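A structural walkthrough
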Amino acid sequence: TLDLSSLQKDPESLAPALRQALKDVGFFFISGHGVAQELLERGEELMAEFCQLSPDVKERYSMDTGTYPGGTGYLPLHNFKLPKRPKGNV
């Protein structure tokens, strides 16, 4: 877990901690970011609603289509896009 609340006191500590998390674990959690709990909960609600949509509707938001930045969007199960490997994402 990377605690962003300590950045004001020690901004140089973030890069080594991030590097270690990605090298040793492959992902990280962020705390102390200041995002309101209500906003996080609303994001979870919207994500759950999106998951309940039909595949046809979700396909309208496919990754790397539309005006969204590259690498964002819907990626269906068993897709081979991220990362490249012999088996699809499950």
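Our subject is the structure listed above.
What counts and what doesn't
- Residues numbered from 1 in each chain as written.
- Predicted model: local features only at pLDDT ≥ 70, side-chain atom pairs only at ≥ 80, totals over all residues.
- Heavy atoms only, no water.
- Salt bridge = Lys/Arg side-chain N within 4 Å of Asp/Glu carboxyl O.
- Helix = DSSP H or I, 4+ residues; strand = E, 2+ residues; numbered from the N terminus.
- Buried < 20%, exposed > 50% of the residue type's maximum accessible area, 1.4 Å probe, protein only.
- Lys, Arg positive; Asp, Glu negative; His and termini not counted.
- Polar contact = N/O pair within 3.5 Å; in protein donor to acceptor, adjacent residues only side chain to side chain.
- Contact = heavy atoms within 4.5 Å.
- Patch = residues over 30% accessible without salt bridge, like charges linked within 9 Å, V, L, I, M, F, W, Y side chains within 5 Å.
- Areas by Shrake-Rupley, 256 points an atom, 1.4 Å probe, with all protein chains shown as cover.
- Phe/Tyr/Trp six-rings, centres within 6.5 Å; stacked < 30°, edge-to-face > 60°.

**Description of the pattern of salt bridges**
- Under the defined criterion, the tally for this structure stands at 2 salt bridges.
- A salt bridge links E45 to R42; the shortest N-O distance between them is 3.2 Å. Taken as a pair, E45 and R42 lie in helix α2 (residues 37-51) at a separation of 3 residues, close to a single helical turn.
- Exposure remark for R42: the relative accessible area of 39% places this residue in the partly exposed category.
- Residue E49 pairs with R42 through a salt bridge whose shortest N-O separation is 3.8 Å.
- Residues participating in the shared-partner salt-bridge network are R42, E45 and E49.

**A word on the side chain of K58**
- Here K58 is to be found in helix α3 (residues 55-59).
- Within the buried set, K58 has no salt-bridge partner at all; the shortest N-O distance to an opposite charge, 8.8 Å, is to E59.
- A polar contact is formed between the side chain of K58 and the backbone oxygen of C51, at a distance of 3.3 Å.
- Those residues in contact with K58, other than ones at most four positions away along the chain, are F50, C51, L53 and Y74.

**Let's talk about a nonpolar patch on the surface**
- The grouping of L22, F28 and I30 at the surface amounts to a nonpolar patch, some 240 Å² of accessible area in total.
- Within the fold, F28 resides in the loop between α1 (14-24) and β2 (30-31).

**Points about the side chain of S62**
- One can find S62 in the segment after α3.
- For S62, a relative accessible area of 12% gives the class buried.
- Not counting residues within four places of it along the chain, the set of residues in contact with S62 comprises T72, G73 and Y74.

**A look at the packing of aromatic side chains**
- Evaluated as defined, the whole model comprises 3 aromatic pairs.
- Each ring, one from F50 and one from Y61, has its centre 6.1 Å from the other, and the planes form 75°; the classification is edge-to-face. Placement of the pair is F50 in helix α2 and Y61 in the segment after α3, with a sequence separation of 11 residues.
- Given a relative accessible area of 26%, F50 falls into the partly exposed group.

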